[in-house]
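# Observations on chain architecture
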Amino acid sequence: MAIFLFFISFFIYLYTLYPTLPAFRDAGDLITSAYTLGIAHPPGYPVYVILGKLWTFLLPFGNIGYRLNLLSAFISSLCIVITYYIAKKVFSTTWPALVSAFFLIFSSSFWQQSIISEIYSLNALFAVLILYLLLLPILSHGRTYSGYLLLSAFLLGLALGNHHSIVLLIPGILYLIMKNKRKSLLPSFSLSFLLSLLSAFILGFSIYLFLPIRSAQQPINNWGNPKNLGNFANVITRADYGVIKLSRRHSGTVNALTDSVKMYWELQKKQLGWPGLILLLIGTILCFSDIFGKTLLLLFIFSGPFFIFLSRLPNTELSLAILEPACVLPMVFETLIIGSIIKKTKIKPLIYFFLGISLYAGFINLPKLNKRYDFLAYDYVKNLARSVPKNSFLSITADIPIFTINYLQTVEKKRQDIKVVLHSYLPWRIAEYENKYPELFSMGKSGSTTDCLLKIVEKYPVFAEGVHAELEEYSVPIGIICRISKDKNMLNRAKMIKTRLFLYDLYPFRKPPGNPTYYGTQVINYYVSSCHNSGVVFTQAGWQNEANASFNRRLMFNR
């Protein structure tokens, strides 16, 4: 059965896999960092980077983006198998385990993260591995617990090198260990054994030494330049983002509790639907009857609702998109809670009902999550590069353009003449550009990269991937990019736009079937906004025919 679950889940994820670079937040950065053994955005993700690099060697076919998307599919399938084994061990029967596995396979967040290059599937795999190790000696009488605790401590430290949210499992882990102390399986928690546990944890956590060691070699991707202690601490604590915040710009709402409840409700409805929510509620009530059930509740509550509250994000569409991947970890425990209903109620007809609900969820999610024809991000970055003249500066501020152009230049080795400048006030980033682009500072140093670009705009060609907040009055839409110009004459701007309208004829635009994701919609909006902004300039210049043509061109992308 385990082999069947692995292959059925792997086939589903393989069939719906993104064919190349996904239009998803940090995917481009993680792909590029893994390919170059570089330092990804904080906290650096050394486990994913190293594992991803090894995977690209083991799988020597397909583009790099596809290979690393496939890694997530493989990891998720392993996670499903181990979840099945946990349920089978605890429930002592196959059917509840099968129900848990099928609910996990078809849940939307788990499926979504199984077809893109991201760290959330690996985070879930670490979680189920740790839980399985802790359960083995409890369920297999006569085995000593010491070795399993040491291995679990090591994996916990190693897992922190993948995603910090793994620490939210600690309350559930401690509860499980202490409640089973009466079974005489636990070792004596002497000082020497506690030191051994700490040593095992530190050994796993030492994966972060990859960051200063690799940073000292100046890799292409070197986020935060963590070669010294201060920079290293900033990267692993995510100081640039606000440590426990998911986003410095968007976190900190005063209605944190209210917003968290509303968002978690919306996310749960999307993951499970009404039937699944009712089953989760029933399972939650039944879980109070035994130690494993209470352990699952602690693991679920801390990794799910509590994590979303910690994020302190406002209740917006963007926040829901940011938080949806965070549903992967608690979803593992939710599916085990749902599977436990069959064991505890012993109503056999429920098996078919539960399996029917999970299969129906798969039927509903398939058209939404089938990304085998989704080239939005890849086409966008190729079109972005087509729009920029040779040896120009390109200012970028949004995540998807940043990470996609990095992928194009670093992984595919294309348009390396474009001098990409990420909008930043950070001293380490400005120092990086001082070495990389000395001409950027020919007019003197500035407090931000944007100020530097504005100083040299009349000496060097400067572009931006869109209209930035700090560059609004200087932005002239040229295709899907903007030329940065200090010429305020609208007639001159209109002439500048008109000479480059041919760019739209060069743009391949493969809109995938079905509704795009939130981030896919963002990519489409880059095209739509460029047409709209051109129309505005034409209108202000008095060229109404050209303005109407630009406004109508939006329909080409937004239909």
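Everything here concerns the structure above.
The structure reproduced in this document is the subject of the present report.

Cut-offs applied
Residues numbered from 1 in each chain as written. Predicted model: local features only at pLDDT ≥ 70, side-chain atom pairs only at ≥ 80, totals over all residues. Heavy atoms only, no water. Helix = DSSP H or I, 4+ residues; strand = E, 2+ residues; numbered from the N terminus. Rg over C-alpha atoms; globule rule 2.2 N^0.38 Å. Buried < 20%, exposed > 50% of the residue type's maximum accessible area, 1.4 Å probe, protein only. Contact = heavy atoms within 4.5 Å. Areas by Shrake-Rupley, 256 points an atom, 1.4 Å probe, with all protein chains shown as cover. Lys, Arg positive; Asp, Glu negative; His and termini not counted. Charge placed at Lys NZ, Arg CZ, Asp CG, Glu CD. Pairing = 2+ DSSP bridges. Phe/Tyr/Trp six-rings, centres within 6.5 Å; stacked < 30°, edge-to-face > 60°. Lys NZ or Arg CZ within 6 Å of the ring centre and 35° of its normal. Salt bridge = Lys/Arg side-chain N within 4 Å of Asp/Glu carboxyl O. Axes fitted to C-alpha atoms, helices over the stretch in contact; angles between N-to-C directions. Parallel < 35°, antiparallel > 145°, perpendicular 65-115°, else oblique. Nonpolar A, V, L, I, M, F, W, Y, C, P; charged D, E, K, R; others polar. Disulfide = S-S within 2.5 Å. Patch = residues over 30% accessible without salt bridge, like charges linked within 9 Å, V, L, I, M, F, W, Y side chains within 5 Å.

For the chain, the count of helices and strands is 26 helices and five strands. Taking 559 residues into account, the globule formula puts the C-alpha radius of gyration at 24 Å, and the chain, at 26 Å, falls close to it. Overall size of the chain, expressed as C-alpha extent along the three principal axes, is 80 × 50 × 50 Å. Taking all 559 residues of the chain together, 57% fall into the buried category. Summarising the internal contacts of the chain: among those between residues at least 6 apart in sequence, 73% fall at separations of at least 24. Within the structure as shown, the chain displays about 23200 Å² of accessible surface, and the carbon and sulfur contribution to it stands at 64%. The averaged location of the 27 negative side-chain charges in the chain is 10 Å from the averaged location of its 52 positive side-chain charges.

In this sheet, strand β5 (residues 481-484) lies alongside strand β3 (residues 462-464) in antiparallel orientation, the contact comprising two bridges. Bridged to Ala-464 within β5 is Cys-482. Counting the residues that bridge the hairpin from strand β4 (residues 475-478) to β5 gives two residues, and of these Gly-479 lies at a positive phi of roughly 65°.

This structure, assessed with the given rule, holds 32 aromatic pairs. Here the aromatic cluster, defined as three or more aromatic residues joined through ring pairs, consists of Tyr-380, Tyr-504, Tyr-507, Phe-509, Tyr-526, Tyr-527 and Phe-557. The positively charged end of Arg-553 is found above the aromatic ring belonging to Tyr-504, 4.7 Å away from the centroid.

What follows concerns the pairing of β4. Along any regular strand the residues' side chains alternate between the sheet's two faces. Burial of the side chains of β4 extends over both faces: Ser-475 and Pro-477 are buried on one face and Val-476 and Ile-478 on the other. Here β4 pairs with β5 via four bridges, running antiparallel. Looking across to β5, one finds that Pro-477 is bridged to Cys-482.

In this structure the tally under the stated criterion is 11 salt bridges. Where Lys-269 meets Glu-266, a salt bridge forms, and the shortest distance between an N and an O atom there is 3.5 Å. Taken together, the residues span about one helical turn, with Lys-269 and Glu-266 both in helix α13 (residues 256-286) at a distance of three residues. Here Lys-269 falls in the partly exposed class, since its relative accessible area comes to 29%.

A few words now on the packing of helix α25 (residues 518-541) against helix α26 (residues 544-558). Where α25 meets α26, the axes come as close as 7 Å, and the angle between the chain directions of the two elements is 170°. For the element pair α25 / α26, the angle class is roughly antiparallel. For the pair α25 and α26, the contacting residues are Ile-524, Tyr-527, Val-528, Cys-531, His-532, Ser-534, Gly-535, Val-536, Phe-538 and Thr-539 in the first and Gln-544, Glu-546, Ala-547, Ser-550, Phe-551, Arg-553, Arg-554, Phe-557 and Asn-558 in the second. Residues of the contact of α25 with α26, tallied by class, amount to nine nonpolar, seven polar and three charged.

On to the sheet that holds strand β1 (residues 393-396). Taking strand neighbours across the sheet as the criterion, the five strands line up as β2-β1-β3-β5-β4 in an open arrangement whose pairing is mixed. Pairing within the sheet leaves two strands with one partner each, and these edge strands are β2 (419-422) and β4. Along the sheet, successive strands turn relative to each other by an average axial angle of 35°, direction set aside. The pairing of β1 with β2 spans four bridges and is parallel. Residue pairing in the sheet places Leu-394 in a bridge with Val-420 of β2.

On to the environment of Pro-427. Its location among the elements puts Pro-427 in helix α21 (residues 427-436). When the C-alpha atoms of Pro-427 and Phe-288 are compared, they prove to be 52 Å apart, with 139 residues separating the residues in sequence.

Inspection of every chain in the model, using the stated rule, returns zero disulfides. A disulfide-free cysteine, Cys-79 has its sulfur positioned 15 Å from the sulfur of Cys-327, the nearest such atom. Classification of Cys-79 as buried rests on a relative accessible area of 0%. Of the cysteine sulfurs around Cys-482, a residue in no disulfide, the closest is that of Cys-531, at 12 Å.

Here the focus is a nonpolar patch on the surface. A surface patch of nonpolar side chains, amounting to about 400 Å² of accessible area, comprises Leu-191, Leu-195, Leu-198 and Ile-202. Structurally, Leu-198 can be placed in helix α10 (residues 191-205).

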